[in-house]
Amino acid sequence: MGAILFSFPGNEAIANALSHSLSIPQGEFTLRHFPDGESYLRIESSVENKDVILVATLERPDDKLLPLLFMADTLRTLKAKRIGVVAPYLAYMRQDVAFHPGEAVSSRAFATLLSRYFDWLVTIDPHLHRIHTLSELYSIPSYVGHAAGTIAQWIRTHVTRPVIIGPDSESEQWVSQVAKDAGAPWVVLEKIRRGDHEVELSLPNLETWKTYQPVLVDDIISTATTMVETIGHLKKLGLNAPTCIGVHAVFAADAFEKLKKAGATEIITCNTITHPSNRIDIVPILKEGITNLKTL
Ligand code: R5P
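In this report, we go over the structure that sits alongside the text. Just so it is clear, the structure is predicted and the values come from calculations on it, not from any experiment.

### Here's the deal with the environment of Asp 119
Stage number 1. The topology assignment puts Asp 119 in the loop between α3 (106–117) and β6 (120–124).
Stage number 2. In sequence terms Asp 119 and Ser 142 are 23 residues apart; their C-alpha atoms lie 9.1 Å from each other.
Stage number 3. With near-sequence residues (within four places) excluded, Asp 119 lies in contact with Arg 76, Lys 81, Arg 82, Ile 83, Ile 140 and Pro 141.

The following block contains the structure:
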């Protein structure tokens with residue numbers, strides 16, 4: 001009886017913190033690759049009749065998905081009671097529609113797969129845009145935590161006279177909340193994405209904010225093109241070099257270095273994905289989600 005928590009490789013810090021604050025022991029398992037690249041998995045702890053929490057953030061999901069499903073399948077075979085996944089970053093939330101004929105709606109396919117293997121899901125700020133709630137995609141109970149309050153707290157203690165800037169209308173949902181919680185003014189730009197590495201931004205009148213410290217806030221920093229472009233505009237308008245805050249430090253290839261070079265004074269992220277820029281701790285939000293789903 002009871003609960004047990006497993007940490008997927010790379011999730012140790014969050015898993016240790018959750019295990020400690022929820023007083024749930026951690027389970028042991030071996031995950032390795034055979035010489036041909038196939039995955040080998042063995043669960044070494046007893047899970048029979050236990051509530052299982054699997055902590056697995058899901059950036060670069062294609063490498064993780066099969067081992068994750070093998071894990072859920074094996075836990076089920078070993079008679080685990082319920083199996084939940086805590087994915088602080090939930091992948092495949094942006095391709096939520098076929099933009100061109102024949103395109104995979106990967107959000108839906110990914111959600112269908114996870115819903116088949118897991119009993120519940122906890123995540124932080126998934127990219128909800130055209131899809132408004134996770135239940136439109138996922139058929140299992142889910143809890144969506146929000147980092148806005150914690151980000152606002154960081155801004156309040158670290159930035160003097162901030163103005164919160166969002167790169168596009170999609171960011172308005174978290175930018176407006178962060179600004180409200182931080183007691184700061186905010187503005188969002190208009191963005192048109194022309195390709196993976198090409199975005200075009202509108203130039204609203206930002207003159208008013210010249211004496212403020214710009215704080216760019218976005219949910220995902222992937223190629224960092226969005227933030228780099230925004231910084232370029234702020235520079236042209238003579239605003240201070242901004243502080244850049246992302247919820248999810250995806251940072252594809254050399255994105256982090258590109259963003260530093262572009263002139264960000266500071267790059268700050270939440271620890272939904274382990275990265276040197278992590279400064280904002282979302283573990284209490286995950287804990288609340290796990291408790292809220294009454295899994296324990
Ligand atoms: C897009 O809709 C998201 O909210 C982010 O703005 C986007 O994912 C950032 O991507 P990138 O860093 O590649 O510009």
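### Re the pairing of strand β2 (residues 29–33)
Stage number 1. Taken together, the five bridges between β2 and strand β3 (residues 39–43) define a ladder with antiparallel strand orientation. By the bridge assignment for β3, Phe 29 is matched with Ile 43.

### Description of the packing of aromatic side chains
Stage number 1. Inspection of the entire model under this criterion finds six aromatic pairs.
Stage number 2. Here the aromatic rings of Phe 8 and Phe 29 are separated by 6.1 Å at their centres, their planes lie at 25°, and the arrangement is stacked. Residue Phe 8 is found in the loop between β1 (3–7) and α1 (12–22), and its partner Phe 29 is found in strand β2; the two are separated by 21 residues along the sequence.
Stage number 3. On the basis of relative accessible area, Phe 8 is assigned to the buried category, the value being 4%.
Stage number 4. The exposure class assigned to Phe 29 is buried, which follows from its relative accessible area of 17%.
Stage number 5. Ring centres of Phe 251 and Phe 256 lie 5.1 Å apart, and the angle between their planes is 75°; on these two criteria the pair is classed as edge-to-face. As far as the burial class goes, Phe 251 and Phe 256 line up, both buried.
Stage number 6. Among the aromatic residues, ring-to-ring pairing joins Phe 6, Phe 8 and Phe 29 into one connected group.
Stage number 7. The lysine or arginine in question, Arg 32, covers the ring of Tyr 40, its NZ or CZ lying 4.7 Å from the ring centre.
Stage number 8. The ring of Tyr 212 has Arg 161 lying over it, and the distance from NZ or CZ to the ring centre is 4.1 Å.

### What about the sheet that holds strand β5 (residues 82–87)?
Stage number 1. If you walk across this open sheet you meet the five strands as β1-β4-β5-β6-β7, and the pairing is parallel. Whereas interior strands pair on both sides, the edge strands pair on one side only; in this sheet they are β1 and β7 (142–145). Going from strand to strand, the sheet's axes swing by 15° on average, the running direction of each strand aside.
Stage number 2. Pairing of β1 with strand β4 (residues 51–55) involves five bridges; the strand directions are parallel. Residue pairing in the sheet places Leu 5 in a bridge with Ile 53 of β4.
Stage number 3. Contacting β1, β4 and β5, α1 runs over the sheet at an angle of about 165° to β1.

### Let's talk about the site of the ligand
Stage number 1. Surrounding the ligand, one finds 15 residues, the nearest of these being Glu 170, Asp 218, Asp 219, Thr 223 and Thr 226.
Stage number 2. Residue His 127 places a side-chain N or O atom 3.4 Å away from an oxygen atom belonging to the ligand.
Stage number 3. When isolated, the ligand has an accessible area of 380 Å², and the protein chains bury 94% of it.
Stage number 4. Examining the composition of the shell around the ligand, we find that four residues originate from one element, strand β12 (residues 213–221), more than from any other.
Stage number 5. Class assignment for the residues of the shell around the ligand results in three nonpolar, five polar and seven charged.

### Describing the side chain of Ser 171
Stage number 1. With respect to the helices and strands, Ser 171 occurs in the loop between β8 (162–166) and α5 (172–182).
Stage number 2. For Ser 171, a relative accessible area of 0% translates into the label buried.
Stage number 3. Those residues within four positions of Ser 171 in sequence are excluded, and the remaining contacts are Gly 166, Val 188, Val 217 and Asp 218.

### Observations regarding the nonpolar core
Stage number 1. Counting 41 residues, the largest nonpolar core has Leu 18, Val 86, Ile 151, Ile 155, Ile 164 and Ile 245 as the members making the most contacts within it.
Stage number 2. In terms of nonpolar packing, the next biggest core, distinct from the first, is built from 39 residues, Ile 4, Ile 83, Val 250 and Ile 273 among them.

Definitions and limits used
- Sequence order as written defines residue numbering, which begins from 1 separately in each chain.
- In keeping with the model being predicted, local features are shown solely for residues with a pLDDT of at least 70 and side-chain atom pairs are shown and tallied solely at 80 or more, while totals for entire chains, interfaces and linings include all residues.
- Excluded from the side-chain calculation are hydrogens and water; included are all heavy atoms of the structure.
- Going along the chain from the N terminus, every DSSP run of H or I of four or more residues is numbered as a helix, and every run of E of two or more is numbered as a strand.
- Residue contacts follow a heavy-atom distance rule, with two residues in contact if any of their heavy atoms lie within 4.5 Å.
- A pair of strands is considered paired only if DSSP assigns at least 2 bridges between the two.
- Stacked, edge-to-face and tilted are the three classes for Phe, Tyr and Trp ring pairs, Trp counted by its six-membered ring, which pair at centre distances within 6.5 Å; planes under 30 degrees apart are stacked, over 60 edge-to-face, the rest tilted.
- Throughout, exposure labels follow a simple rule: accessible area from a 1.4 Å probe, protein chains only, divided by the maximum for the residue type, with under 20% read as buried, over 50% as exposed, and the rest as partly exposed.
- Only Lys NZ and Arg CZ are tested; either one counts as a charge over a ring when it is within 6 Å of the ring centre and within 35 degrees of the ring normal.
- Lines fitted to C-alpha atoms define the axes here, with helix axes fitted over just the stretch in contact, and angles between the N-to-C directions of these axes take values from 0 to 180 degrees.
- Nearness of a residue to a molecule or strand requires only that one of the residue's heavy atoms be within 4 Å of it.
- What qualifies as a polar contact is a pair of N or O atoms within 3.5 Å, subject to a donor-acceptor requirement within protein and to the restriction that residues adjacent in sequence count only when both atoms come from side chains.
- Methods summary: accessible areas were calculated by the Shrake-Rupley approach with a probe of 1.4 Å, and residue burial reflects only the protein chains presented.
- Amino acid classes used here: Ala, Val, Leu, Ile, Met, Phe, Trp, Tyr, Cys and Pro are nonpolar; Asp, Glu, Lys and Arg are charged; the rest, including Gly, are polar.
- In this description, a nonpolar core means a group of buried Ala, Val, Leu, Ile, Met, Phe, Trp, Tyr and Cys residues linked to one another through side-chain atoms lying within 4.5 Å.

Don't take any of this as a statement about function, it's just geometry.
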